[in-house]
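Geometric and topological summary
Residues per chain are reported as follows:
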There are 2 protein chains.
Amino acid sequence: MALIVQKYGGSSVADADSIKRVAKRIAEAKRAGDSVVVVVSAMGDTTDELIDLAQQMTPLPPSREMDILLTAGERISMSLLAMAISSLGVDAQSFTGQQAGVITDSVHGRARIIDVTPGRIQQAVEGGAVAIVAGFQGVTQSTNDVTTLGRGGSDTTAVALAAALGADVCEIYTDVDGVFTADPRIVPTARKIDRISYDEMLEMAASGAKVLMLRCVEYARRYAVPVHVRSSFSAHTGTLVTDATEEVEGAPMEQPIIAGVAHDRSEAKITIVDVPDVPGKAARIFEVVAGSGVNLDMIVQNVSVASTGRTDISFTLPAADGAAATAALTEHQPDIGFGSLQYDDTIGKLSLIGAGMKSHPGVSARLFAALSDAGINIEMISTSEIRISVVTRADQLDEAVRAVHTAFDLDSADGQAVVYGGSGR
Amino acid sequence: MALIVQKYGGSSVADADSIKRVAKRIAEAKRAGDSVVVVVSAMGDTTDELIDLAQQMTPLPPSREMDILLTAGERISMSLLAMAISSLGVDAQSFTGQQAGVITDSVHGRARIIDVTPGRIQQAVEGGAVAIVAGFQGVTQSTNDVTTLGRGGSDTTAVALAAALGADVCEIYTDVDGVFTADPRIVPTARKIDRISYDEMLEMAASGAKVLMLRCVEYARRYAVPVHVRSSFSAHTGTLVTDATEEVEGAPMEQPIIAGVAHDRSEAKITIVDVPDVPGKAARIFEVVAGSGVNLDMIVQNVSVASTGRTDISFTLPAADGAAATAALTEHQPDIGFGSLQYDDTIGKLSLIGAGMKSHPGVSARLFAALSDAGINIEMISTSEIRISVVTRADQLDEAVRAVHTAFDLDSADGQAVVYGGSGR
């Protein structure tokens, strides 16, 4: 008998019929003999509707009140789901984040989990019930105030609960069949990945793949929770995210060189022109940017022009933070002493990810050749041990992704997005 | 500086604009120098919508899950109200029933408050904030499970909090101007009552006056909480429910004989015909009825017919319980040994309430004369020290209420429902 944590997102419980469909699926897993803990998000548009109501009150709602408001959404979906499961003759009880023991810090709107004490969940499961837990929410230890975990919060709740319960697997149900070698909307020949390592999945998520949020993967890696990303609309097996060295039944043994191609259209590039090339200037620039609360991504410094002793520094950042970073830098132009600032939000980022590239030195050459053959100019490059990222023009990004996907033999054999006919549980 | 508990019902916070209007009113009270604690119900139709969703899951939702579902409603209204107040520059924080320390027993759907420990509310108020508390809900002490208080629950929350906080007054905001001498929809000349004793208000509530629920008045009387029933749509003073002996500024000193006329159309009458008039038979009948979970109201036993040694017993009960009581009695017909059962749900009940009637022996004679003059037949009578109730035909009830209202000089001078121009706070 396995202990399974299942997580259903908002699109899986969008309306009464969807909730009943999910309930049936959960009841089947339970009847098959497994212990089941379910983490659920708010129904479809509920969160947006609540945000809209808050905006009608005030343009800047206090974050503590916003968290209380938004957590009403999971309260509704979790109790309805428990009712639907009960009506199928399977005992089910719902629990708030607080009742499930999800303890967080007190940063409302994007709280971090600091502990999970799932005593009541264990009790419910041992008593034979399906435990339904509200995703996305927790409670502060000191004041018992309600918090929300921010984007991807429900996935993180599921993985954190799975870790605390010592679950055999954390199944993340979504509206796609798993993690693909590229976004199938851009690359119709993208293949579903059967198995991917935590490290690769981390790089995929950090590079723009949206199927799993970065923090959820970080959590899963830290606690070695096997994550199964799969569709709530089919019985197919999806993608297993797990330790690269672990033997998993049915998963391929050989490690491919490349796991997939991710892309990101949400970044912008700032180039600081004519910076005095003396020690401490770069540090000062990034101090100023960090002080405005902005997270940088790629950073490139050109070799300085010997005759002038000045250089250019470029970096990418979320386009949403562009105004804040630009304002902070302009304010400090006198003391940094740079010439001018260029802001460009028409860039795209392509990332090639694969644990196998560590031992294959030809990967970057093949990547650059593929882009060159497709007539695509590379503006910036950054690498990690298992990732190469390049910045291109935004309007060339789709073509770049397709070219690289083909160059690394990731296209499916029949030229169609493959939805693997899994074992069907 | 006074400490005021204000309670706003669902119709007062039905939509975004209503919430903003209420927020303005609360901010004014706070700016006038008072400490303000607010109890709020769910927005307008929210509860009905949630019940409808639950019904789509299963016809008989588990009561624990139903309570979790329904409490989402107050979570939404309370956080929105706190946001609206904050946007007016007044600090406001919302609290769930649990955070406010509303401890209940574990009878889901109609839990009773067993303790209120409002430490966090006191802290918020002392810190200068308006505390917004979710009405209608509490939490069990042992398991931290969410409970709801059932009908009139938010009023009870407000009075219980006022008692625990030692508030100067509990203001119940509603969509009418206060408690009237009769229902103004039936008696257009009904007058608003400026002041009424707990005892009288209890009898009014028990006799069908809907403006305050019985349990809320019981709680107020037990803890001597002055309750001010008033309109959220005007600044008029409403009705002060308080101790009869207490001196209250501005309230009339003389105690009128009659406070008002209440009516109730929700009861039915069961007559058990031909009951053996031997000791224990009545007890057995009411044992059987109580065993079916039904609360009786009036009971009348006729003098037995000497020649037969048999008698008739009539009682009234909520019409909603009619089927359960009838079934239980029919099942026990053999061992009780009665002849037959008559069920009648076309009755109405009129109640005349007034603490002054204790010392005025002519009251019942005047009541019966008024009904007789209006051609209305009395089917049952029951009395308490400060109330006389009679059962009539349902279709004669309105006429009966008007006749009695006039006979006891309760009509307003100008023949119109008077909305007193109060002091306006």
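Refer to the structure presented above.
Values in this document were obtained by computation on a predicted structure and should not be read as measured data.

The subject of this paragraph is the overall build of chain A. Within chain A, the secondary structure is distributed over 12 helices and 20 strands. The C-alpha radius of gyration of chain A comes to 24 Å, within 12% of the 22 Å expected for a compact globule of 425 residues. Buried residues in chain A amount to 48% of all 425 residues. A separation of at least 24 residues holds for 75% of the contacts in chain A among residues at least 6 apart in sequence.

What follows covers the relation of the copies chain A and chain B. Superposition of chain A onto chain B requires a rotation of 180 degrees combined with a translation of 0.0 Å along the rotation axis, giving an RMSD of 0.1 Å. Given the turn and translation reported, the copies of this chain are related as if by a two-fold rotation axis. Nearest to the rotation axis, the C-alpha of alanine 72 of chain A is located 2.4 Å from it, this being the minimum over chain A. Comparing interface residues between copies, 100% of those in chain A also lie at the interface in chain B; the contact surface is shared.

On to the interface of chain A and chain B. Each side of the interface is counted separately: chain A has 29 residues, and chain B has 29 residues. Counting only elements with at least two residues in the side of chain A that touches chain B, the list comes to α1 (16-31), α2 (46-57), α3 (63-86) and β3 (92-95) of chain A. Sort the elements by how many residues they give to the side of chain A that touches chain B and α3 of chain A lands first, with 14 residues. Residues belonging to the side of chain A that touches chain B are distributed by class as follows: 16 nonpolar, 10 polar and three charged.

All names here are of chain B. Strand order in the open sheet made by the four strands is β13-β18-β20-β19, with antiparallel pairing throughout. The open sheet is flanked by β13 (260-264) and β19 (380-384), the only strands paired with a single partner. For this sheet the average axis-to-axis angle between neighbouring strands, irrespective of direction, equals 20 degrees. Strand direction decides the pairing type here: strand β18 (residues 347-353) and strand β20 (residues 387-393), joined by seven bridges, are antiparallel. Across the sheet, the residue bridging to leucine 350 is valine 390, located in β20. Against the sheet, helix α12 (residues 397-407) makes contact with β13, β18 and β20, and its axis sits at roughly 15 degrees relative to β18, the strand it touches most.

Reading the values: rules and limits
Residues numbered from 1 in each chain as written. Chains lettered and ligands numbered in written order. Predicted model: local features only at pLDDT ≥ 70, side-chain atom pairs only at ≥ 80, totals over all residues. Helix = DSSP H or I, 4+ residues; strand = E, 2+ residues; numbered from the N terminus. Rg over C-alpha atoms; globule rule 2.2 N^0.38 Å. Buried ≥ 20, exposed ≤ 12 C-beta atoms within 10 Å, placed from the backbone. Contact = placed C-beta atoms within 7 Å. Least-squares fit on C-alpha atoms with pLDDT ≥ 70 in both. Nonpolar A, V, L, I, M, F, W, Y, C, P; charged D, E, K, R; others polar. Pairing = 2+ DSSP bridges. Axes fitted to C-alpha atoms, helices over the stretch in contact; angles between N-to-C directions.

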